[in-house]
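Here is what each chain is made of, one letter per residue.
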Amino acid sequence: QSPYIFNADLSYDNARTGTSLSLVYNIAGERLYAVHNTLPDIYEQPVHSMDFVWSQRLRPGMKLKLSVRNLFDPLHTRTQTVNEQPLIYSANRKGRTVGLSLTYDF
């Protein structure tokens, strides 16, 4: 369980033009990943996450949407503390995800 979690959402919605924009930010504090009997515990370190979503109404019932998840593509690290020194247990990037969709409701 993280000692803190912070979420922020900055959104713009114009019903007249059918334009919608959203920028979403999230960070969670250090959290326990694995417990060992003989080795130090492993902790996930905080990661900054940001997503962007834009949608545009093209005509009644038709909408175009673009989403970009994980804009920063930060390094996800897990650490163990040995002799009061944090050591990297693992590190990886999850990559960005881009989506584009066109929907029509009838």
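That block above? That's the structure.
Keep in mind that this is a model prediction, so the values were computed, not measured. Going along each chain's sequence as written, the residues are numbered from 1 onward. Given that this is a predicted model, residues contribute local features only at a pLDDT of at least 70 and side-chain atom pairs are listed and counted only at 80 or more, while totals for whole chains, interfaces and linings are drawn from all residues. In computing side-chain values, all of the structure's heavy atoms are included and hydrogens and water are not.

## Some thoughts on the overall build of the chain
Let me state the cut-off plainly: Every helix listed is a DSSP run of H or I at least four residues long, and every strand listed is a run of E at least two residues long, numbered separately from the N terminus. Think of it in three bands: with a 1.4 Å probe and only protein chains considered, a residue is buried below 20% of the maximum accessible area for its type, exposed above 50%, and partly exposed in between. In this description, contact between two residues means that some pair of their heavy atoms is separated by no more than 4.5 Å. All accessible areas in this document rest on Shrake-Rupley with a 1.4 Å probe, and a residue is counted as covered only by the protein chains that are shown. As used throughout, the charge tally considers Lys and Arg to be positive and Asp and Glu to be negative, leaving His and the chain termini uncounted. Charge placement uses NZ in Lys and CZ in Arg. For Asp and Glu, CG and CD serve respectively.
Per the secondary structure count, the chain includes zero helices and nine strands. Going from N to C terminus, the chain has its helices and strands arranged as β-β-β-β-β-β-β-β-β. Dimensions of the chain, computed from the C-alpha atoms along their principal axes, are close to 65 × 20 × 20 Å. The 106 residues of the chain split such that 25% are buried. Across the chain, the fraction of contacts at a sequence separation of at least 24, relative to all contacts at a separation of at least 6, is 48%. Roughly 7,900 Å² of accessible area belongs to the chain as shown, and the carbon and sulfur atoms make up 54% of that amount. For the chain, the distance from the average site of its 11 positive side-chain charges to the average site of its 9 negative ones is 13 Å.

## Focus: the sheet that holds strand β3 (residues 31-34)
Condition: For two strands to pair, DSSP has to find at least two bridges joining them. Geometry is summarised by axes, namely lines fitted to C-alpha atoms with helices restricted to the contacting stretch, and by angles between N-to-C directions that run from 0 to 180 degrees.
Spatial strand order, β3-β4-β7-β8: four strands in an open sheet with antiparallel pairing. One side of each edge strand has no neighbouring strand; the edge strands of this open sheet are β3 and β8 (85-93). Across the sheet, the mean angle separating the axes of adjacent strands is 35° when strand polarity is ignored. Looking at chain direction, strand β4 (residues 42-44) and strand β7 (residues 75-82) are connected through three bridges and run antiparallel. Residue pairing across strands places Y43 opposite T79, the latter belonging to β7.

## Looking at the sheet that holds strand β6 (residues 62-69)
Ordered in space as β1-β2-β5-β6-β9, the five strands form an open sheet in which the pairing is antiparallel. Two strands close off the open sheet at either side, each with one partner strand: β1 (5-14) and β9 (97-104). On average, each strand axis in the sheet is inclined to that of its neighbour by 10°, with strand direction left out of account. Here eight bridges tie strand β2 (residues 19-28) to strand β5 (residues 49-59), and the two strands are oriented antiparallel to one another. In the sheet register, Y25 faces β5, and the bridge partner there is M50.

In short, the description is geometric, and any link to function would need to be established separately.
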